[in-house]
Amino acid sequence: MLKITDLSKRYEDGNLALDNLCLEIRRGKIFTLLGANGAGKSTAINIICGFIPPTGGDVWVDEISLSENPLLLRCKIAYLSENVMLYDNFTGYQNLKFFADISKIPATKGNKATNPAMKFNLIKVLRDVGLQDEFIHENISKYSKGMRQKIGIAIALVKDAPMLLLDEPFSGLDPKASHDFQALLYKLRNDGKTILMSTHDIFRAKEMADVVGIMQGGKLVMTKTRTELESEDLNRIYLDYIEERVVMENEE
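Let me begin by describing the structure that accompanies this report. (Residues numbered from 1 in each chain as written. Predicted model: local features only at pLDDT ≥ 70, side-chain atom pairs only at ≥ 80, totals over all residues. Heavy atoms only, no water.)

**A word on helix α1 (residues 41-49)**
Alright, step 1. Taken across its nine residues, α1 has seven buried, putting it largely inside the fold.
Alright, step 2. Listed as buried for α1 are Lys-41, Thr-43, Ala-44, Ile-45, Ile-47, Ile-48 and Cys-49.
Alright, step 3. Positive backbone phi, approximately 85 degrees, marks Gly-50, located one or two places after α1. (Buried < 20%, exposed > 50% of the residue type's maximum accessible area, 1.4 Å probe, protein only. Helix = DSSP H or I, 4+ residues; strand = E, 2+ residues; numbered from the N terminus.)

Take a look at the structure:
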C-alpha cells in the first residue's frame, strides 16, 4: 500500500511544485495521475523515488517511511520513466542483468539479501515484455525508443517490488506493445502489486485505473473511482479544470 500525507515541494525560486498532496492506494489497485505538464505529477513521483527531497510531508510504502528509512523504502519501489536511461554499449540482456544485480535487496534482521537476477529467467522476462529474440543480444544503441521502453519495463518487473511507479510508461510503444503491456499491468495488479501511473492520456487513464486523480497547480483537485467514471465524462471533467486554471492565471 502507498500512503502520502501532506507532501509538498517548494523550490529555491519560490515555485510551489507540490502543495500538500494526500492520497492512498491500496494493494492490488491502479491509480492514475492525470494532468498537464507542470501539474506536479513528476515531482510527486521523483520525491517518492527519493530523487529529490520534499519540503514537507511523508510517504509510506507498506508502512516503511521515506523520512525514516529512505533506502529501505527505495527497495520497495520499481520505477519506470518516460525516457529510459540504459547503457548503449550493453545488449538488452546485459542491461537487464546489470540492473537486476544492483537491485539486490539488502539483508535485514532475520533475512538474507536477495538478488532478483537469481529469481527470474531474464530471457523469459524480455520475451514477456515483447522484445523479439533477435534483439535480446543486440546492442541497445540499435534499439528504437519503444524497444528501449520494453527493457525499462523488464527492469521494473525483475526488481519484483510491491510498488510500481510509472511515468508515462506507454510513451514510444506501438499498439501491440501497448496492448501487451496493459495486459501485463492488469496481471501485476491481480498479483497484488500497487501501481501509481502518471499520464497525459485521458483514454488510458480511464480505461486502466481503479482510481483516477486529476492534478493541477501542484494539488490533487479531484479523484474518481472506476465505478463513478462509468457514468461521467472524464474528458469533460478534465477540460473544465484546465479551463478554470487558465481563467485563474489570466486574472492573476
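**Details of the sheet that holds strand β4 (residues 56-61)**
Alright, step 1. Here four strands make up an open sheet; going across it, the order is β2-β1-β4-β5 and the pairing antiparallel. Only two strands of the sheet have a single partner each, and these edge strands are β2 (16-25) and β5 (64-65).
Alright, step 2. As paired strands, strand β1 (residues 2-10) and β2 are joined by six bridges and run antiparallel to one another. Paired with Lys-3 across the strands is Glu-24, a residue of β2.
Alright, step 3. Across the sheet, α1 lies against β1, β2 and β4, angled at about 110 degrees from β1, the strand it touches most. (Pairing = 2+ DSSP bridges. Contact = heavy atoms within 4.5 Å. Axes fitted to C-alpha atoms, helices over the stretch in contact; angles between N-to-C directions.)

**Thoughts on the side chain of Gln-149**
Alright, step 1. Summarising the element assignment, Gln-149 is placed in helix α7 (residues 145-159).
Alright, step 2. If sequence neighbours within four positions are ignored, Gln-149 has contacts with Leu-80, Ser-81, Glu-82, Val-84, Glu-168, Pro-169, Phe-170, Ser-171 and Leu-173.

**Section: the environment of Phe-90**
Alright, step 1. Mapped onto the elements of the fold, Phe-90 is located in the loop between β6 (77-80) and α3 (92-102).
Alright, step 2. Sequence separation of Phe-90 and Asn-139 is 49 residues, and the distance between their C-alpha atoms is 5.4 Å.
Alright, step 3. For Phe-90, the contacting residues outside a window of four places in its chain are Asn-95, Phe-98, Glu-138, Asn-139 and Ile-140.

**Details of the pairing of β4**
Alright, step 1. Across five bridges, the pairing between β1 and β4 is antiparallel. Bridge pairing in β4 links Lys-3 to Trp-60.
Alright, step 2. Where β4 and β5 come together, two bridges link them in antiparallel fashion. Note on β5: the bridge partner recorded for Val-61 is Ile-64.

**Things to note about the sheet that holds strand β10 (residues 219-225)**
The pairing of strands in a sheet happens through backbone hydrogen bonds and is either parallel or antiparallel.
Alright, step 1. Spatial ordering of the open sheet is given by β6-β7-β8-β3-β9-β10, a layout of six strands whose pairing is mixed. Each of the sheet's edge strands pairs with one partner strand only, and the pair in question is β6 and β10. Looking at each pair of strands side by side, their axes are set apart by 15 degrees on average, direction ignored.
Alright, step 2. When strand β9 (residues 211-216) meets β10, the two strands line up antiparallel, connected through six bridges. What sits directly across from Val-211, in β10, is Thr-225.

**A closer look at unusual backbone geometry**
Alright, step 1. Although it is not a glycine, Asn-20 adopts a positive phi angle of roughly 50 degrees.
Alright, step 2. With respect to the helices and strands, the residue Asn-20 is situated in strand β2.

**Considerations on helix α8 (residues 175-190)**
Alright, step 1. Spanning 16 residues, α8 covers 23 Å between terminal C-alpha atoms, matching the ideal 22 Å at 1.5 Å per step.
Alright, step 2. Every buried residue of α8 is listed here: Ala-177, Ser-178, Phe-181, Gln-182, Leu-184, Leu-185, Leu-188 and Arg-189. Here the buried residues of α8 occupy an arc of 160 degrees about the axis, which is enough to place them on one side. The exposed set on the far side of α8, more than 90 degrees from its buried face, consists of Pro-175, Lys-176, His-179, Lys-187 and Asn-190. (Expected span 1.5 Å × (residues − 1). Arc of directions from axis to C-beta.)

In short, the description is geometric, and any link to function would need to be established separately.
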